[in-house]
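Breakdown of the fold
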Amino acid sequence: MNSSIKNALTFSTVEPSGGLRAAMDKGRAEIIAEVRASGIRGRGGAGFPTSVKWNLAAAAKSDRKFVVCNADEGEPGTFKDRVILSEYAGLVFDGMTIAAYAIGATTGILYLRAEYTYLREHLEKVLAERRAKGLLGQGVCGKDDFELDIQIRMGAGAYICGEETALIESMEGQRGEPRNRPPFPVDTGFTGRPTAVNNVETLAWVACIFARGADWFKSVGTGKSAGLKLFSVSGDCKAPGVYEFPMGITVASLLEAVGGQDAKAVQIGGASGYCVPAGEFTRTIAYEDIATGGSIIVIGRERDMLKVAENFMEFFADESCGQCTPCRLGNGKLLEGIHLLQQGRCSMQYLRELCSLGETMQLASKCGLGQSSPNALLSIVKHFQSEIMGRIPAAAAAARE
Amino acid sequence: MSDCKEEPRAPRSTWISQVKTPADAGAIGATVTANIDGQDVKVPMGTTILEAAVKLGIRIPTLCNHADLCVAGVCRVCVVDVEGQRTLQVACAYPIAQPIKVRTHTAKVRNARRHVIDLILSDHYGECYCCARNNNCELQSLAKEYGVDFYRFGHPDKAKYEVDRSSYAVLRDMNKCVLCRRCVRTCIDLQEVGVLEVAHRSHKSKVETFMDKPLGEVICINCGQCINRCPTGALRANDPTYEVWAAIDDPTKHVVIQTAPSPRSAIGECFGLPPGTPMTYQMNTALRYCGFDKVFDTNFTADLTILEEGTELLLRLKKALVDGDKSVKLPQFTSCSPGWVKYIEHFHPDMLDHLSTAKSPQQMFGTLIKTYYAKLNNIDPANIVSVAVMPCSAKKFECNRPEMTSSGYKDVDFGLTCRETAQMISEAGIHLPDIPKSDFDDPFGTATGSGVIFGATGGVMESALRTVIELVTGKKVEQFYDHADIVPIRGFDGVRYAEIQIPDVGPVPDLLKRYFNDWNWLKGATVKVGVCHGTANAKRVLENIRAGGKFAECHFIEFMACPGGCLGGGGQPIPTSPEIRKARANAIYSEDSAYKVRKSHDNPAIWDIYNKFLTDGPCGHISHKLLHTHYTARGKYIIVV
Ligand SMILES: Cc1cc2nc3c(=O)[nH]c(=O)nc-3n(C[C@H](O)[C@H](O)[C@H](O)COP(=O)(O)O)c2cc1C
Ligand code: SF4
């Protein structure tokens, strides 16, 4: 068993290809209905209802359609997809196969993060076994009208290529840059054809939903956020690793489970997520409250919040694809602002200006990266203003001593 | 909307939306109502918010958007508030597929636009008052429109990049680049040359050539279309006005200038006149006032080109059809567009034998000035400085080709763009529209309407046909085409094809008797011709020829590197758009119909020069030495040592 898994995962109790066979007994529309009944929403971060995505892709007319598994797992502090791929790849491929059948795709592509190249051999082996067993190829599971093959494409290390349209550009051999939306990938995706892009975990849960039934999934979590979720927990806690919790868990109970009760704050949703201060630990992790792709970074008492903000902003100032103005230049300005704060040289007025710029980035950037990159800084400014203001410049501090 | 070709080569992230306008506009659901700032407008499905706003007369500012290019949606200046959407949407790329409510200037929108402009300015090195685009810069106008009176997020005080002056044609100052990517879309998608692409990420993003090599060392064809679409001063032509003024100011120099047909239909734009206001004769006066000793009309050598190129075509046809010479290459390609010439040298070097060996009108003129004209006026050619006003940036490269020295000197010393010429004129204190008209100087004074239409796509072909038809049939073109307007090859379709019947032949004119005894071999023939403009279309024609398609059967094809032909050249006033180019074309064609003499071979000055100087006729030895050239197979792989 993978040493980073910290509690019992449902995935280990579900028999590979069990869900797939159950799904193959149903019609296409029935499959999507079952997914809808489960209430599952995307586990990659955006939380888009999976059944809606599949329905749109199924309704789109085209000579060819695609299913893509987004295994680019690039969000800082996220590593649950790596665990799923190394331990439960069968479930992921089951999910892809079910998705392909539901929307009428004949090709599946798993877009694998460059840093996970070492997993490729394993994944290819699983795929070869599936081909041998008739779970892929002509007449999947004995269904004459269903042909599917799954290929693996490698990423090259850019965070932005996890964004689904940039991922598609990258697969087409272009610069990994997000497209204008609309049109959406379900309509105009890979090579201009309908494409359903789903996260690794989403697809694995789909396989479980068909093995256990939609009702089982729906019965866990909250009304708007059904089911279970994997969390990648890191930072200042006793037992970092991958956990499974029901959706709707409070931050406090999660911290208790991982041994991070005395945290000063928690960054939920990775670098692009929100920094939640101790005073708000009663909030829940759910699409209707604090949404996340599963990254939990525990921030201990002794951490400098400006350093935290700086760390995240440095990431974005580097990883922006550079296409649109607010993100290309805005992240750099926010980072500069953090440096000014560190030197005690940022006026309240300029800080307000930077926060307003952050809001513009959230509103006017082309893709989710620029729309969410200011989140961390804005929430740190909001909750830790007294900590980050009034710093004494290093030189002055030295002089004073 | 953009006129993207079927298979755009630019990344699909820059494509226009895929929401297709239904073919049957009357069908239910084919139109949709958008409400913009409280006003309703019915538009076809898939219309962008920007287009719908234009219909209502509502201005939404843009920067990366351009009428000739695919949508990018990257600058984010055109953001608007769409009801029900969490984020702001870009008007240029948002297709209206269902009834929507849009607000174009809410507080959020104004704030965002202002931030975007502030951010661009925080990364835009340089001062407006020392920039070639001062007063004609889209960023500057935006800053004014949004009341920018301080640099909210700072302003760079150091240049990040060295200015690339390696190209004779295009100068690149990436410190002024706003990464709108219009040049990239122009180069990859409009022209399909593909020299420019965005490299690196984030704030390090930069428009680069292959391996960031200097522009002069890559496969740039010098068309300058990127310059015409750059919103700022990041791209400009390599400007020799300083040297030209120095020559004018030097009393030992005899400085002459030739002016091509296209700038005269456009230069008025630099002085606030609407596109398509001819300024031919005012420009003559202005150039003399600047201090040029003589002002010549390039149309003269355009006419000469027709005689040389037309004769070359007839010779190729005879060799192929009568002598059965398999080595003769047909169709013959025109060679007056230096951007096109460099394009074929790089991309299809094995097809160079199709190119007419005739020099371009600019270079023919250059040679004649330093030989014929110098002798006639007893001027030492070493003291002549020959300048050319061209609609073109590639002409700057062309006049610097090492082979362009058949006069024994550099045939043309400097090529000026239309914009640079306007600059010199205003520096001399002249407001062009206000000054009296004057004619061109002799001995090349008279020109024809045929020379004028060289400026429009299809013009070279039309001129050539007017001449070839009359020389071969002995009849007036007017008997075949009303008013000698060969309409089938006019217009702006990217690729055009026409067939011209030669039902009867006449006697061989004296000028050509040394080559042909009779025209009987052309009796009943069908001359097949093609016309294309923009190198993306040139590429299609060449591919068609390689595949043995319709254009392989052609006898003569006109190629122009720039969309619209010379009137849309990379040296023409900025901005450019399909409408502007159409207006310039109208000016050119109306000037043509106003000429008394409209056919190159009817130009008396042409007979004069063949009688007095090029005495062994078109394509004779003298003309071969002076008026023809050769080409270089360059290929795509540039090895820099
Ligand atoms: C900057 C950025 C990076 C992203 N990276 C990933 C990623 O690494 N893995 C992932 O599954 N989704 C990522 N996403 C979300 C995807 O765009 C997309 O929403 C997701 O793959 C859809 O799958 P789901 O509906 O199953 O969550 C990213 C989004 C953005 C804006
Ligand atoms: S928001 Fe950032 S990452 Fe997304 S398109 Fe714009 S520049 Fe690229």
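Residues numbered from 1 in each chain as written. Chains lettered and ligands numbered in written order. Predicted model: local features only at pLDDT ≥ 70, side-chain atom pairs only at ≥ 80, totals over all residues. Heavy atoms only, no water.

1. Topic: the pairing of strand β17 (residues 556-560) of chain B
All names here are of chain B.
- Of all the 5 residues making up β17, 5 are buried; the element is thus mostly covered by neighbouring parts of the structure.
- Because side chains alternate across β17, one face comprises the buried residues Phe-556, Glu-558 and Met-560, and the other comprises Ile-557 and Phe-559, equally buried.
- Across 2 bridges, the pairing between strand β12 (residues 332-333) and β17 is parallel. Directly across from Phe-333, in β17, lies its bridge partner Ile-557.
- The sheet contact formed by strand β16 (residues 525-533) and β17 spans 5 bridges and is parallel. (Buried < 20%, exposed > 50% of the residue type's maximum accessible area, 1.4 Å probe, protein only. Helix = DSSP H or I, 4+ residues; strand = E, 2+ residues; numbered from the N terminus. Pairing = 2+ DSSP bridges.)

2. Re the pairing of strand β8 (residues 265-268) of chain A
Residue and element names in this part refer to chain A.
- The alternating pattern of β8 places Ala-265 and Gln-267 and Val-266 and Ile-268 on opposite faces, both of which are buried.
- Judged from the 4 bridges that link them, β8 and strand β9 (residues 274-277) form a sheet pairing that is antiparallel. Bridge pairing in β9 places Ile-268 opposite Tyr-274.
- Between β8 and β9, which follow one another and run antiparallel, lie 5 residues, and Gly-269 among them has a positive phi close to 100°.
- As defined by bridge partners, β8 adjoins strand β10 (residues 295-299) across 4 bridges and the pair is classed as antiparallel. The partner of Ile-268 across the bridge, within β10, is Ile-296.

3. Things to note about the sheet that holds strand β3 (residues 79-82) of chain B
All names here are of chain B.
- Strands sit in the order β2-β1-β5-β3-β4 across an open sheet of 5 strands; the sheet is mixed. Each edge of the open sheet is held by one strand with a lone partner, namely β2 (39-44) and β4 (89-90).
- When β3 meets strand β5 (residues 100-103), the two strands line up antiparallel, connected through 2 bridges. Pairing of Asp-81 across the sheet is with Arg-103, part of β5.
- Across the sheet, helix α1 (residues 49-56) is in contact with β1 (31-36), β2, β3 and β5; its angle to β2 comes to roughly 125°. (Contact = heavy atoms within 4.5 Å. Axes fitted to C-alpha atoms, helices over the stretch in contact; angles between N-to-C directions.)

4. What to know about a nonpolar patch on the surface
- Where nonpolar side chains cluster on the molecular surface, the patch consists of Phe-48, Val-52 and Leu-56 of chain A and spans about 250 Å² of accessible area.
- One can find Leu-56 of chain A in helix α3 (residues 50-59). (Patch = residues over 30% accessible without salt bridge, like charges linked within 9 Å, V, L, I, M, F, W, Y side chains within 5 Å. Areas by Shrake-Rupley, 256 points an atom, 1.4 Å probe, with all protein chains shown as cover. Salt bridge = Lys/Arg side-chain N within 4 Å of Asp/Glu carboxyl O.)

5. Quick word on the packing of aromatic side chains
- Tallying each qualifying case throughout the model produces 28 aromatic pairs over all chains.
- For the ring pair Tyr-343 of chain B and Phe-347 of chain B, a centre distance of 4.6 Å and an interplane angle of 20° mean the geometry is stacked. Taken as a pair, Tyr-343 of chain B and Phe-347 of chain B lie in helix α10 (residues 338-347) at a separation of 4 residues, close to a single helical turn.
- For Phe-347 of chain B, a relative accessible area of 15% gives the class buried.
- An aromatic cluster of three or more residues is present, and its members are Phe-11, Tyr-88, Trp-205, Trp-216 and Phe-217 of chain A.
- Above the plane of the ring of Trp-216 of chain A lies Arg-212 of chain A, whose end atom (NZ or CZ) is 5.1 Å from the centre. (Phe/Tyr/Trp six-rings, centres within 6.5 Å; stacked < 30°, edge-to-face > 60°. Lys NZ or Arg CZ within 6 Å of the ring centre and 35° of its normal.)

6. Quick notes on the packing of helix α12 (residues 325-342) of chain A against helix α13 (residues 348-364) of chain A
All names here are of chain A.
- Two elements in contact, α12 and α13, have axes separated by 10 Å at closest approach and are oriented at 155°. As the angle between them shows, α12 and α13 are arranged roughly antiparallel. Note that α12 runs across α13; the crossing there is left-handed. Residues Pro-326, Cys-327, Gly-330, Asn-331, Lys-333, Leu-334, Gly-337, Leu-340 and Leu-341 of α12 form the contact with α13, whose own contacting residues are Tyr-350, Leu-351, Leu-354, Leu-357, Met-361 and Ala-364.
- Grouping the constituent residues of the contact of α12 with α13 by class yields 11 nonpolar, 3 polar and 1 charged. (Parallel < 35°, antiparallel > 145°, perpendicular 65-115°, else oblique. Left-handed = near helix turned anticlockwise from the far one by under 90°. Nonpolar A, V, L, I, M, F, W, Y, C, P; charged D, E, K, R; others polar.)

7. Examining the nonpolar core
- If you look at the biggest cluster of nonpolar residues, it comprises 66 residues, and the most contacted ones within it are Phe-11, Trp-54, Leu-85, Phe-93, Leu-110, Leu-123 and Trp-205 of chain A.
- Broken down by element, the residue count for this core peaks at 11 residues, all from helix α5 (residues 89-103) of chain A.
- The residues that make up this core include at least three from each of domain 1 (5-218) and domain 2 (228-299) of chain A.
- Among all residues touching Trp-205 of chain A, those that are not within four sequence positions of it are Thr-10, Phe-11, Ile-40, Arg-43, Trp-216, Phe-217, Leu-228, Lys-229, Leu-230 and Glu-244 of chain A.
- In terms of nonpolar packing, the next biggest core, distinct from the first, is built from 63 residues, Ile-306, Ile-486, Val-529 and Ala-605 of chain B among them. (Core = buried A, V, L, I, M, F, W, Y, C linked by side-chain atoms within 4.5 Å. Domains from an automatic or database assignment.)

8. Regarding helix α13 (residues 418-427) of chain B
All names here are of chain B.
- Of all 10 residues in α13, 7 are buried, a share of seventy percent or more.
- For α13, the complete set of buried residues consists of Cys-418, Arg-419, Glu-420, Thr-421, Ala-422, Met-424 and Ile-425.
- Once α13 ends, the next one or two residues include Gly-429, with phi positive near 85°.

9. Overview of the site of ligand 1
Residue and element names in this part refer to chain A.
- Around ligand 1, a shell composed of 18 residues is seen, among which Gly-44, Lys-53, Asn-70, Asn-199 and Thr-202 lie nearest.
- At 3.1 Å, a backbone N or O of Gly-74 approaches an oxygen atom of ligand 1.
- Its free accessible area being 610 Å², ligand 1 has 89% of it covered by the protein chains.
- Every element with two or more residues in the shell around ligand 1 is listed here: β5 (195-199) and α14 (368-372).
- If one sorts the elements of the shell around ligand 1 by residue count, β5 sits on top with 3 residues.
- For the shell around ligand 1, the per-class residue count stands at 3 nonpolar, 9 polar and 6 charged. (Near = heavy atom within 4 Å. Polar contact = N/O pair within 3.5 Å; in protein donor to acceptor, adjacent residues only side chain to side chain.)

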